[in-house]
Amino acid sequence: MKVNDLIAIDVHTHAEVSCRQPADAFWQPYEDAASKYFKVGKRPTIAETVAYYRERKIGLVMFTVDSEFEIGSRRIPNEEVAEAAAANSDMMMAFASIDPHKGKMGAREARALIEAGVVKGFKFHPTVQGFFPNDRMAYDLYEVIAEHELPAIFHSGHSGIGTGMPGGGGMRLKYSNPIHVDDVAVDFPDMTIIIAHPSWPWQDEALSVCLHKPNVYIDLSGWSPKYFPPQLVQYANSQLKTKMLFGSDFPLIQPDRWIKDFREAGFKPEVHDLILKENAIRALKIRVDA
């Protein structure tokens, strides 16, 4: 990334519409429920998302979510996201999503993507993928990520996916308590871990893990900052000011709205640049050219 040309780096954006394959009808009820929960309309394509961020001079990390095991919907190929990032490397990075249930085959896919140089990190969604982050099933995959000292984002807290559906669409919230990430941080100290979202109803667990483990960060995506729990703002202004990252959850949350609300939400002026860009440069190990 040419970070000097960017006003911010959004570490949490979604690829939701493929330009290569038709939409999977099996996913549609989940998308409809999420649209109602987040009050959003038609989803943009990957190309439209990149153009949106380029116009605003905001860098972005993009990923899909591999939910083939738990939900049964076909994923957007990691390679499609990676190719978009390669074509827009001045302002975009690709993270891969591989369901840990894929075991050693998943680890092989991760290694191939990393060694090809097309992805710079990984995204996990314990609720949507149906696993506890500290389940040894996932450790083959983590070992590959840690070997290459790449970051991994873990969804935490409540999930808009499944909200309002009968039985929550089969999604179990228990998997996304961030305390389960603590074991991963212990066992893989060379893997940067990003706990995604205000972790309601487990916000204090996320703050504790982030404070205790040097390799753990928190991204602030998925909520407007005006609704953040007060203890999250308190720690972002003090002990964890270098470990909080701007993320929007686009297209479910618009970065324009997030940044506006952020500037009005009680964050001290001296932490604004840290959270909007500087912390991400360090967490993602982005080279800054003079």
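Being a predicted model, the structure only gives us computed values, none of them experimental.

(A) Broad picture of the sheet that holds strand β3 (residues 92-94). The sheet built from three strands is open, its strands ordered β1-β2-β3 with parallel pairing. If you trace the sheet from one side to the other, it starts and ends with β1 (8-14) and β3, each paired once. Taking the axes of each pair of neighbouring strands and ignoring which way they run, one obtains an average angle of 20° across the sheet. The sheet contact formed by strand β2 (residues 58-63) and β3 spans three bridges and is parallel. Looking across to β3, one finds that Val61 is bridged to Met93. Seen against the sheet, helix α3 (residues 78-87) touches β2 and β3 and runs at an angle of roughly 155° to β3.

(B) Structural context of the layout of surface pockets. Each pocket or cavity is described by its volume, and for the largest pocket that value is around 1000 Å³. For the lining of the largest pocket, the secondary-structure elements that each account for two or more residues are β1 and α1 (28-38). Elements with a minimum of two residues in the lining of the second largest pocket: α3 and β3. Its residues assigned to classes, the lining of the second largest pocket shows 13 nonpolar, three polar and seven charged.

(C) Local environment of the environment of Phe228. For Phe228, the position within the fold is in the loop between β7 (216-219) and α9 (230-236). Given the relative accessible area of 7%, Phe228 is considered buried. Between the C-alpha atom of Phe228 and that of Gly266, which follows or precedes it by 38 residues, the distance is 10 Å. Setting aside residues no more than four positions away along its own chain, Phe228 makes contact with Pro198, Leu220, Trp223, Val233, Trp258 and Phe267.

(D) View of the sheet that holds β7. Spatially, the five strands line up as an open sheet ordered β4-β5-β6-β7-β8, and their pairing is parallel. Edge positions in the sheet fall to β4 (122-124) and β8 (244-245), since each has one partner strand and no second. For β4 and strand β5 (residues 152-155), the ladder comprises three bridges, and the chain directions are parallel. By the bridge assignment, Phe122 is partnered in β5 with Ala152. Against the sheet, helix α8 (residues 203-212) touches β6 (193-196), β7 and β8, its axis set at about 140° to β7.

What counts and how
Residues numbered from 1 in each chain as written. Predicted model: local features only at pLDDT ≥ 70, side-chain atom pairs only at ≥ 80, totals over all residues. Heavy atoms only, no water. Pairing = 2+ DSSP bridges. Helix = DSSP H or I, 4+ residues; strand = E, 2+ residues; numbered from the N terminus. Axes fitted to C-alpha atoms, helices over the stretch in contact; angles between N-to-C directions. Contact = heavy atoms within 4.5 Å. 1 Å grid on protein atoms, 1.4 Å probe; cavity = no way out; pocket = protein on both sides within 12 Å on 5 of 7 lines; lining within 4 Å. Points joined across faces, edges and corners; volume = space filled by probe spheres on them. Nonpolar A, V, L, I, M, F, W, Y, C, P; charged D, E, K, R; others polar. Buried < 20%, exposed > 50% of the residue type's maximum accessible area, 1.4 Å probe, protein only.

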